[in-house]
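If you want the building blocks of each chain, they are given just below.
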Amino acid sequence: DVDAIAVSKGPGSYTGLRIGVSVAKGLCYSLDKPLIAVDTLQAMAKNPLLSGDLFCPMIDARRMEVYTALYNNENKIVEPITAKIIDEDSFSDVLQSNKVLFFGDGSAKCQEALGGNSNAIFSEEGLPSAQYINEIAVDKFEKEEFEDVAYFEPYYLKDFIATTPKKLL
């Protein structure tokens, strides 16, 4: 009864994306079904509990950096996905004339830097959800927007950098 397999393509955690995409590709191969990849940030912005002019989903990327993009209230991209270091000047051009809703696990650390602007609104809603990935995936399925299962890779946005733990066991 499965027509296709949908997966969040990123950006996000390197390990999480790698595991999710590997499982999805394995299911596609074994079931001979198409693969649909959905933008994590776009799926976050699809949440109907959110309201505003512009939506800025944020995924924590460590320190003061976030993975982010801007979407309008029709879930169309306004500013492309990027890894952004947040300071008080971030989004200043957009915030001059638009109310922007910032949300996701990266937004809390940005509230101090951006919270002084009256057009910056912060919400704890809008975490990633399979429900919103599914809504976008159904649309892509109807348009036959499938990925090449053999060559598809997650959208990491940044290169993986291995580090040595500070505490060795």
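Predicted model, so just to flag it, every value in this text is computed and none were measured. (Residues numbered from 1 in each chain as written. Predicted model: local features only at pLDDT ≥ 70, side-chain atom pairs only at ≥ 80, totals over all residues. Heavy atoms only, no water.)

Kindly report on the overall build of the protein chain, identifying the contributing residues and their values.
A tally of regular secondary structure across the protein chain gives 5 helices and 7 strands. By the compact-globule yardstick of 15 Å for 169 residues, the protein chain fits well, its C-alpha radius of gyration being 17 Å. The principal-axis extents of the C-alpha atoms in the protein chain amount to approximately 50 × 50 × 20 Å. Burial statistics for the protein chain: of 169 residues in total, 40% are counted as buried. For the protein chain, restricting intrachain contacts to residue pairs at least 6 apart in sequence, the fraction spanning at least 24 positions comes to 59%. Total accessible area computed for the protein chain in this model is approximately 10200 Å², and 49% of it derives from carbon and sulfur atoms. Across the protein chain, the centroid of the 16 positively charged side chains sits 6 Å from that of the 26 negatively charged ones. (Helix = DSSP H or I, 4+ residues; strand = E, 2+ residues; numbered from the N terminus. Rg over C-alpha atoms; globule rule 2.2 N^0.38 Å. Buried < 20%, exposed > 50% of the residue type's maximum accessible area, 1.4 Å probe, protein only. Contact = heavy atoms within 4.5 Å. Areas by Shrake-Rupley, 256 points an atom, 1.4 Å probe, with all protein chains shown as cover. Lys, Arg positive; Asp, Glu negative; His and termini not counted. Charge placed at Lys NZ, Arg CZ, Asp CG, Glu CD.)

Outline the sheet that holds strand β7 (residues 120-123), listing residues and values.
Judged by pairing direction, the sheet is mixed, and its 5 strands sit side by side in the order β5-β4-β3-β6-β7 without closing on themselves. Only two strands of the sheet have a single neighbouring strand rather than two, namely β5 (77-85) and β7. Sheet twist, expressed as the average angle between the axes of neighbouring strands with direction ignored, equals 20°. (Pairing = 2+ DSSP bridges. Axes fitted to C-alpha atoms, helices over the stretch in contact; angles between N-to-C directions.)

Break down the nonpolar core for me, with residues and values.
In this structure, M58, F91, V100, F102 and L114 are the most contacted members of the largest nonpolar core, which totals 15 residues. For this core, the secondary-structure elements that each account for two or more residues are β3 (54-60), β4 (65-72), α3 (92-95), β6 (100-103) and β7. Broken down by element, this core gets its largest block of residues, 3 residues, from β3. Leave out the neighbours within four places in its chain, and V100 touches L54, C56, L70, V94, L95, N119, A120 and I121. (Core = buried A, V, L, I, M, F, W, Y, C linked by side-chain atoms within 4.5 Å.)

So what about the environment of P128? Which residues, and what values?
When you line up the elements, P128 lands in the loop between β7 and α5 (130-142). Accessibility expressed as a relative area gives 51% for P128, which makes it exposed.

Residue-level account of unusual backbone geometry, with values.
Cis peptide bonds are those with omega within 30 degrees of zero, and the linkage from G10 to P11 qualifies with 5°. Mapped onto the elements of the fold, P11 is located in the loop between β1 (5-10) and α1 (14-31). For N75, which is not glycine, the phi dihedral falls at a positive 65°. Within the element layout of this structure, N75 appears in the loop between β4 and β5.

Lay out α5 with the relevant residues and their values.
With 13 residues, α5 ought to run about 18 Å at 1.5 Å a step, and its terminal C-alpha atoms sit 18 Å apart, in line with that. Along its buried surface, α5 packs onto β1, β2 (35-39) and α2 (40-45). One side-chain oxygen at the N-terminal end of α5 lies 3.1 Å from the backbone nitrogen of Q131; it belongs to S129. Residue E144 follows α5 closely and has a positive phi angle near 55°. (Expected span 1.5 Å × (residues − 1). Polar contact = N/O pair within 3.5 Å; in protein donor to acceptor, adjacent residues only side chain to side chain.)

These figures come from the coordinates and say nothing about function on their own.
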